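Next come the chains, spelled out residue by residue.
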Amino acid sequence: MNEFQITDFAAQAGDLLPYLVVAGGGLLVMVVDSFVRTLKKDHLSYLTIFVLCGAVILQIIGDKSDTTLLNGMLITSDFTRVFNFLFAAIGVVTTIYATGLFDRDGRYRPEFYPLILFSILGMMVLAAANDLLTIFLGLETMSLSTYILVGGVRGNTSSSEAGFKYLILGGFSSAFLLMGMALVYGFAGGTGFADISAALQTGTPDRLLVGLGSGLMLVGFGFKVALVPFHMWTPDVYDGAPSYITGFMATAIKAAGFAILVRFAILMQPQLGFAWYPVLSALAILTMSAGNLIALAQNNIKRMLAWSSVAHAGYLMLGIVAMISPTHGGSEQMMHGQAIGEASGSAIIFYLIGYSLMNLAAFGVINILGQGNGEEADDINRYAGLSRTQPVAAATLAVAMLSLAGIPPMVGFMAKFYLFSAVIKAGLIPLAIVGVINSLISVYYYLRVLVVMYMKEPEEDSYDGKEMVSVVMAGFLALLVITLGVIPDSFHRMAMLVFRGIQF
Amino acid sequence: MSFITDHILTWVTFLPLAGALLLWTVVRREAQARIFAMAIALADFVLSLHLWFHFDTGRGDDQFVERVAWLFNGQISYHLGMDGISLVLVMLTTFLGPLVVLSTWRAVTERVAGFLGFVLFLQAAMLGTFFARDMLLFYVFWEAMLIPMYFIIGIWGGQQRIYAAVKFFIFTMVGSVFMLVGIIYLYLQAGSMNLTDFLNLQIGHEAQLWLFAAFFLAFAIKVPLFPLHTWLPDAHVQAPTAGSVILAGVLLKMGTYGMLRFAMPLFPEGVAYFAPYINILAVIGIIYGALVAMVQPDVKKLVAYSSVSHLGFVVLGLFSLTSVGIAGGVFQMLAHGLSTGALFLLVGVIYERRHTREVSEFGGLAHGMPLYATFFMIATLASIGLPGLAGFVGEFMILFGAFSSQAVAHARLMAILAATGVVLGAIYMLWMYQRVFLGKLKNVKNEGLPDLSLREMAVLIPLVVFMFWLGVRPGLVLDRLGPSLEKVTAPLNIQADDHHILQSSTTATDNPVFVIRNTEGQ
């Protein structure tokens, strides 16, 4: 922004309201917690869910236009609204899971409620960022809250260790991001996306500066979405964090990371295509392969899902590669550039929705199976005979695993179908073949969970934690996984429309 | 009833699925579950009879078509249809359904509702695969078949069941994922997943070779064609009897069905290029399967390897690219479903009584169990292709086709080698029969075993009836196949039936079946 303008808050209040509600809701929850001195914290969970639902409802009844807010710091469009809805929904599910566990075990964590709201606020800002500074603000708000959520389980050293590790490495990656932003700023002369876009289109940009800058920013985003080789924290943090937070991280943070990655990739498209296309293709392959191969060897279900989450970041990265491929490829690709971009962009959005559903279903079951003394249900072998002792929980986990493996008629298959279609549409058949080989490898370790649950008899030390509400919630998500797998079209069409709305 | 007959294919496909869902949620009690599953399977059979009697024999195109837009504004649709080839295989599936359910009455005693649910789920997926005329829909059904079979083997199977179940799943997936890439590639070319649009595509030579390889791999694993057969003996031996019957009866036919329906018509140049090699593999499979079957100590494993041999015949018939051979191949699919299905049921009968299937444990069973021995004999003879029984017709037509085929390198030698497979088949089956049933009753454990019960007879008699019926009146099936085969294989360069084998097999000689397309005249 060249000249400073006074923001007209009143005019933008309607569009800002969802963000303000979540922020204010977080503060409200903190205040309420300090005044209502009961041991049981159910009222906080109701309040949190109320705040999230309120934000979503305000958004639904509010203005549907694409506008920039706060002097171009934020942009709201259908894209950000869909992601806000996704974050809020994940937040509600996570709150239900967490509260179920707190109530059952009697170990309450009041700080969970405001932090989850602040984390979601960060994600909402991140997805709506229209300025390098808001990217950083959103990312840090999201991350700082998550560091505490990961590490804040009292008396649990592995949680503390995970939180600390995540904090240190996260800080490190933020530094990369900031350095990248500084370089991009240096070349564009402004931090707004509009400035960057304008600078990229006029004259010959300094390729070294913008290449290096965008590359360093990619490192920062790559860390958040667990892209190899910036994935090192993933297994330890996923394993150490309580399961409800692991589910939250695997879905919401990944969705937020890819939301900004998609917009960043569109913004920087020509330069990104020029400088980083081969590297990103290689990283996508590496991420898928490393994630799946290492997941094969895991006996700990949370570590397994951590590596699977790395692998899924790789699949999603294929989508990004397909999206930026037109500017890299030959004239034929250029011609269909828009179609390819739309196909891959909508595939990424659909994939994130589907992936969130199946992962939350899985983590919902994992979360409640632990026996209640703070112990996590993470040893796959101790899932033996779950289909006998808890058929609904076992069926839910089975659906989630089959969906993650990409078996029809689950949503995981449709997500992969859309994604690989886009990749093949971009003419990247070798990448698609690497992708399907990877999804083949993944079948083995997902099936292992089914083997243990269904084909082994219950044993003395099999997990047996129960909690009604969580199971119902997870089962409902599993039903959604199947429903979306059978009739995905309306969601995909929505993803397509939403993607078309992205602009700078 | 028009709400049923207007959407008859959907009803036939999804009735078992609805039954499965009810079995898993509502009808959980064992006795009720059995009767409920039986009722659903019978109802599905009755519904499919509508297809049989209302099928227009003279037409080769899809009938009873249903089409509803599904994805991408109808580029991908829920598109079902049925021609003669599908009809025959669908009838086999729905016919075996109630028999399979009935056969589990005493064999499966744990988690009965769950088991029967998976059986019905599997039946729905198989029927959907035969009906699907949209490639993505086909793929969805094709993959969905894996899930119930995986559980059937993995939960209710034998000692090594987990290994066998996982191996089955992974092996099949290996082939299908490459096919998926091929399907998407074709979809982007055609702008639609409709099979007809795929058939109208002009695909370059090299692309045809790659795509054919991708499709063929998926189907060859399912068949299974030598050397991709190694999952089959494990799956069969570990699967419970009902699982083996479905596996041998219908599931293996998915592979050859897929070849005939998709791989061959879509990529004629791929077929022309690969057919000689495929035929060699088929002949190796025929002989290898027979030789390995011969030395099996376990009766079930013997029958499993005999499937490798028999399915080798089917592939040889299809890729002989002669009208007789292809018709024979489809007929053999049916005949093998009946005879091998019956054999697995019979093996299951003795396993229930003795909890072993080792040939060496038996001997002289015919003394105590004359009915059992008789049924076993009939199934054995049907399997080795005795004239008058169903197996003969298929094998004869395939060998005839292969012998005169121009697509087979050294056609006569290959036909002769394949024919030795028939001889070997007779040797291993009869030798096994001799060791199990004839001679003196040596093993005391085999004394006083009860003969077939009424329920077991009720399972076996329909199978035996059809073995004879199709053996003496193959026209019943071939009539319905003819026009459809002609249509499906139209893109291929098929050798005409110069010797009018197919015509003589029908009762109405003025109604020529399958291809009187003279290739010389073109």
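Per chain, residue numbering runs from 1 following the sequence as it is written. Each chain gets a letter, beginning with A, and each ligand a number, beginning with 1, in the order they are written. Note on the predicted model: pLDDT of at least 70 is required for a residue's local features to be given, and 80 or more for side-chain atom pairs to be given and counted; whole-chain, interface and lining totals, by contrast, use all residues.

Turning to the overall build of chain A, a few remarks are in order. When helices and strands are tallied, chain A shows 20 helices and 2 strands. Here the C-alpha atoms of chain A give a radius of gyration of 22 Å, agreeing with the 23 Å that 2.2 N^0.38 yields for 504 residues. The principal-axis extents of the C-alpha atoms in chain A amount to approximately 70 × 55 × 40 Å. Exposure classification rests on a simple neighbour count of other C-beta atoms within 10 Å of a residue's own: a residue reaching 20 or more is buried, one at 12 or fewer is exposed, and one in between is partly exposed. C-beta atoms are placed from the backbone. By residue count, 61% of the 504 residues in chain A fall in the buried class. Every helix listed is a DSSP run of H or I at least four residues long, and every strand listed is a run of E at least two residues long, numbered separately from the N terminus. Our radius of gyration is a C-alpha quantity, and the globule rule it is checked against amounts to 2.2 Å times the number of residues to the power 0.38.

The secondary structure content of chain B amounts to 22 helices and 2 strands. Rg of the C-alpha trace for chain B: 22 Å, near the compact-globule value of 24 Å for 522 residues, within the 12% margin. Projected onto its principal axes, the C-alpha coordinates of chain B cover approximately 70 × 55 × 45 Å. Residues classed as buried in chain B amount to 62% of the 522 residues present. Residue pairs are scored as contacts if the distance between their C-beta atoms, which are placed from the backbone, is within 7 Å. For chain B, the proportion of contacts with a sequence separation of at least 24, taken over those separated by at least 6, is 80%.

Residues and elements named next belong to chain B. Counted residue by residue, strand β2 (residues 76-82) has 6 buried out of 7 residues, so it is predominantly covered. Here the rule is simple: two strands pair whenever DSSP picks up at least two bridges between them. With 6 bridges joining them, strand β1 (residues 63-71) and β2 adopt antiparallel strand pairing. Within the sheet, the bridge partner assigned to V68 lies in β2 and is Y78. Hairpin connection of β1 to β2: 4 residues between the antiparallel strands, including F72 at a positive phi of 50°.

Right, let's get into unusual backbone geometry. V228 of chain A connects to P229 of chain A through a cis peptide bond whose omega is 5°. Among the secondary structure elements, P229 of chain A is positioned in the loop between α8 (207-225) and α9 (233-240). Residue P227 of chain B is reached from F226 of chain B by a cis peptide bond, and omega for that bond is 0°. As for its placement among the helices and strands, P227 of chain B is situated in the loop between α10 (205-222) and α11 (231-238). In this structure, A226 of chain A takes a positive phi of about 65° despite not being glycine. By secondary structure assignment, the location of A226 of chain A is in the loop between α8 and α9. In this structure A226 of chain A comes out as buried when scored by C-beta crowding, with 29 C-beta atoms within 10 Å.

Contact residues are listed per partner, giving 22 residues for chain A and 24 residues for chain B. Secondary-structure elements contributing two or more residues to the side of chain A that touches chain B are α17 (411-425) and α18 (429-455) of chain A. Examining the composition of the side of chain A that touches chain B, we find that 12 residues originate from one element, α18 of chain A, more than from any other. For this classification, the nonpolar set comprises Ala, Val, Leu, Ile, Met, Phe, Trp, Tyr, Cys and Pro, the charged set comprises Asp, Glu, Lys and Arg, and every other residue, Gly included, is treated as polar. Its residues assigned to classes, the side of chain A that touches chain B comprises 18 nonpolar, 2 polar and 2 charged.

What follows deals with the confidence of the model for chain A. Along the chain, pLDDT gives the predictor's confidence residue by residue, from 0 to 100. Per-residue confidence for chain A gives a mean pLDDT of 87; residues scoring 70 or more make up 94%. Element-level pLDDT for chain A is lowest in helix α13 (residues 331-335) of chain A, with a mean of 54, against a maximum mean of 94 in helix α4 (residues 112-128) of chain A.

Right, let's talk about the environment of L343 of chain B for a bit. Residues and elements named next belong to chain B. Structurally, L343 is set in helix α15 (residues 323-354). What makes L343 buried here is the crowd of 28 C-beta atoms within 10 Å. Residues L343 and F376, 33 residues apart in the sequence, show an inter-C-alpha distance of 7.0 Å. Beyond its immediate sequence surroundings of up to four residues, L343 is in contact with V303, A379 and S383.

Next up on the list: helix α12 (residues 241-266) of chain B. Residue and element names in this part refer to chain B. With 26 residues, α12 ought to run about 38 Å at 1.5 Å a step, and its terminal C-alpha atoms sit 36 Å apart, in line with that. Along α12, the sharpest kink reaches roughly 40°, centred on L247. In terms of burial, α12 is a largely internal element, 25 of the 26 residues being buried. Helix span is expected to be 1.5 Å times the residue number reduced by one. What is called the bend at a residue is the angle between a pair of axes, fitted to the seven residues leading up to and ending at it and to the seven starting from it.

All names here are of chain A. In terms of nonpolar packing, the biggest core is built from 408 residues, with F87, L126, A256, A361, M401, V423 and V481 touching the most fellow members. Examining the composition of this core, we find that 20 residues originate from one element, helix α14 (residues 337-369), more than from any other. Residues within four places of L126 in sequence aside, it is in contact with I135, G138, L139, M142, A256, A259 and I260. Buried Ala, Val, Leu, Ile, Met, Phe, Trp, Tyr and Cys residues form a nonpolar core when they are connected through C-beta atoms within 7 Å.

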